Amino acid sequence: MIVEWVIRALGIIAVLSALVAITRRNPIYSAVFLGLNFLCLGGIFTFYVSPFVGAVQIIVYAGAILVLFVLAIMILNLRDEDLGPSRRTVVKFFAVIAAIGVVWLIITITAGFVPPGREAGTISAAQVGRALLEAHVVAFEVISVLLITAVVGAVVLAKKRMEV
Amino acid sequence: MDQLTKLFYSLGLSPYYGIFVAAFLLAVIILAFALLYEGVATYVERKVAGDIQSRIGPNRVGPYGTLQWLADGVKLFLKEDFIPAQADKLIFRIAPYFVFVGSFLPFAALPLWDRFVPVPMNIGLLYIIAVTAMVTPGIVLAGWGSNNKWALLGGMRSAAQLISYEVPNAVALLIPVLIAGTLNLDEIVRAQGGGGGILRWFIFHDPFSFMAFFIFFTAGLAECNRTPFDLPEAESELVAGYSVEYSAIRYAFFYMGEYGDMFIISAMASAAFLGGWQLPLIDPLVKIGWLKAVLQLGIFLTKTLLLVLVMMWIRWTFPRLRVDQLMELSWKRLLPIALFLLMGAALWTVVFHGKGIYDLIVG
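Residues numbered from 1 in each chain as written. Chains lettered and ligands numbered in written order. Predicted model: local features only at pLDDT ≥ 70, side-chain atom pairs only at ≥ 80, totals over all residues. Heavy atoms only, no water.

The next point concerns the overall build of chain B. Each helix and strand counted, chain B has 15 helices and zero strands in total. Taken against the 2.2 N^0.38 rule, which gives 21 Å for 363 residues, the C-alpha radius of gyration of chain B at 21 Å falls within 12% of a compact globule. Over its C-alpha atoms, taken along the principal directions, chain B stretches across nearly 65 × 60 × 45 Å. In chain B, the share of contacts with a sequence separation of at least 24, taken over all contacts with a separation of at least 6, comes to 76%. A total accessible area of about 16500 Å² is found for chain B, and carbon and sulfur atoms account for 71% of it. (Helix = DSSP H or I, 4+ residues; strand = E, 2+ residues; numbered from the N terminus. Rg over C-alpha atoms; globule rule 2.2 N^0.38 Å. Contact = heavy atoms within 4.5 Å. Areas by Shrake-Rupley, 256 points an atom, 1.4 Å probe, with all protein chains shown as cover.)

Here's what the structure looks like:
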C-alpha cells in the first residue's frame with residue numbers, strides 16, 4: 001500500500017530530523033529541524049490517526065510553538081562565542097550510553113505492539129469534540145484551569161522581575 | 001484529484017502511480033493558475049494605486065501597460081541572485097520556500113464549484129489554516145538569516161503580528177463552522193444555498209456572523225502583512241523589513257507569497273461568509289451540468305477577486321498603524337469582540353435551532 005510507504009518515509013524523516021535537532025550547536029538550526037519534525041508528525045497523524053489531529057498538530061506546533069522558539073532564540077541572538085566550550089568527552093561517553101539504554105527500553109516496550117489498522121484509526125473532528133466535551137469533560141476542564149494558573153503565574157513572575 | 005486518479009486508472013495506469021501522476025498534474029495546474037493570478041494581480045495593484053493617487057500607473061509595456069507584469073517577471077527571473085556574505089546561507093536559502101509553499105498549498109482545498117474541491121477533504125478549513133501557518137516561520141527565518149538589523153526587526157515584528165492576528169482570525173472563522181456544523185468547505189458553501197438568495201449567505205445569517213465577517217477580513221489583512229498592517233516591511237523605518245537582503249527570484253517568492261495569501265484570505269471570506277459559488281437564480285435557471293460548473297467557478301472567482309480588489313483599495317487609502325496600536329487592536333479589540341461574537345453565535349444556534357434571520361422571518 002502506497003500510503004504505508006509514505007508513512008514510513010515520514011517516520012524516518014521525523015527521527016532523522018529529531019536527531020539533527022538535538023545535535024546542532026546553533027539553536028536556530030535545531031529549531032528549523034524541530035519544525036521539520038513537527039511537519040512529519042503532522043503527516044503521520046493525518047494518515048494514521050486523523051486528518052483533524054494532523055492539522056491541529058501543524059497549527060499548534062509548526063505554526064505557534066516553533067515561532068515562539070525562533071522568536072526566543074532571535075531575542076537572545078546567541079553567537080558561537082556565547083555558546084561556551086563543547087561538552088567534555090566523559091559527558092559525551094555517558095550520554096551515548098544513556099541514549100543506547102533509552103533506545104533499548106523503547107524497543108523492549110514496543111516489541112509486541114502491533115499498530116492498529118489505518119482505517120480503524122481515522123477519527124473525525126466530531127468524534128474528537130464529543131470525546132473532549134462528553135467522556136473526558138472533567139479532565140478537559142481541569143487541564144484548562146491548570147493552564148490558566150500557569151499563565152497567571154507566568155505574568156506574576158514576569159512582573160516581579162520588571163519591578164526590581 | 002479522485003477524478004484524475006480514476007481517469008489514469010481507466011487509461012491503464014496502475015492506481016499507485018496514478019495517484020502520483022494525478023497529484024503532480026494537479027499541482028502543476030494549481031501552480032500555473034496561482035502564478036498567472038499573482039502576475040496579473042501585481043499589474044492591477046499598480047493600476048489601482050495609480051488611479052487612487054491620480055497617476056497613470058504602468059503604461060509602457062503593451063496596450064495600457066497590460067504586459068508590465070510579464071516584463072517584471074522576466075526581470076525578476078534574470079536578475080542576479082545575491083546572498084550577503086554575512087548571512088546564514090542555509091537559512092537564507094530555505095526561508096522563501098516556507099513562505100511560498102505556505103501560501104500555495106491552500107489553493108488545493110478551495111471549493112471551486114458544486115461538490116468539487118481539487119483535493120477533497122473533510123477538514124478543508126482547518127487544513128487551510130494549518131498550511132498558511134507555515135508562512136510565519138519562513139518570514140522569521142528570513143529576518144534572522146539575513147543577518148541584518150532591519151531584517152531582524154522586520155522578522156520579529158512579523159512573528160508577533162502573525163501570531164497575534166491568527167487568533168481573532170481563527171475565532172471569527174469558527175462562526176460559519178458553528179452554523180454549518182462542519183469543517184468541510186464544500187458543505188459550508190452548500191449550506192448557504194436554497195430559497196432566500198443572498199439572505200442565506202452566512203454573513204446575513206445572524207448579527208454575530210455579520211460582524212464576524214469584518215473581524216475575519218481585518219485580521220486577514222494583518223495576516224497578509226498588507227497596509228495598514230504592513231509593519232514588518234514598513235519602508236520608512238525598516239527599509240523593507242525581512243525581505244531587505246533578498247533579490248531576484250527569492251524576493252519574488254515573498255512577493256508572490258503575499259499575493260497568494262491575499263487570494264486565500266479572500267477566498268476563505270467568500271466561501272465561509274459570502275456563499276462561495278452560490279448566486280441566486282443560477283440553480284433554477286441553468287440546467288446543463290458543465291455550464292453550471294463553469295458559472296459557479298466564475299462566481300467564486302469574481303467574489304474572491306472583488307475582495308482582493310478591496311484589499312488593494314484599503315492599502316492605498318489608509319496609513320499604517322504604530323506597533324503598539326497594532327498589538328492593542330488585536331489583543332484588546334479584535335480578540336474580545338471575536339470571542340463575544342462566538343459566544344453570541346453559539347447562543348443563537350441553541351436558541352433558534354440553527355435557523356438564520358431569513359428562516360425565522362419567512363417561516
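A few words now on the confidence of the model for chain B. Averaged over chain B, the pLDDT score is 83; the fraction of residues at 70 or greater is 93%. This prediction of the complex comes with two scores: 0.85 for pTM and 0.77 for ipTM. (pLDDT = per-residue confidence, 0-100.)

A few words now on the packing of helix α3 (residues 51–76) of chain A against helix α6 (residues 135–145) of chain B. Running from N to C, α3 of chain A and α6 of chain B point in directions that differ by 15 degrees, and their axes come no closer than 9 Å. In this view, α3 of chain A runs roughly parallel relative to α6 of chain B, as classed from their interaxial angle. The hand of the α3 of chain A/α6 of chain B crossing is left-handed. For the pair α3 of chain A and α6 of chain B, the contacting residues are Ala-62, Leu-66, Val-67, Val-70 and Met-74 of chain A in the first and Thr-136, Pro-137, Val-140, Leu-141 and Trp-144 of chain B in the second. A breakdown of the residues in the contact of α3 of chain A with α6 of chain B according to their chemical character gives nine nonpolar, one polar and no charged. (Axes fitted to C-alpha atoms, helices over the stretch in contact; angles between N-to-C directions. Parallel < 35°, antiparallel > 145°, perpendicular 65-115°, else oblique. Left-handed = near helix turned anticlockwise from the far one by under 90°. Nonpolar A, V, L, I, M, F, W, Y, C, P; charged D, E, K, R; others polar.)

Before going further, it helps to spend a moment on the packing of aromatic side chains. Enumeration over the complete set of coordinates arrives at 21 aromatic pairs over all chains. An angle of 55 degrees between the planes, with centres 4.6 Å apart, marks the rings of Trp-348 of chain B and Phe-352 of chain B as tilted. Classification of Trp-348 of chain B as buried rests on a relative accessible area of 14%. Grouping aromatic residues by their ring pairs yields a cluster made of Phe-204, Phe-210, Phe-213, Phe-214, Phe-216, Phe-217 and Phe-273 of chain B. Just above the ring of Trp-5 of chain A sits the side chain of Arg-8 of chain A; from NZ or CZ to the centre is 4.8 Å. (Phe/Tyr/Trp six-rings, centres within 6.5 Å; stacked < 30°, edge-to-face > 60°. Buried < 20%, exposed > 50% of the residue type's maximum accessible area, 1.4 Å probe, protein only. Lys NZ or Arg CZ within 6 Å of the ring centre and 35° of its normal.)

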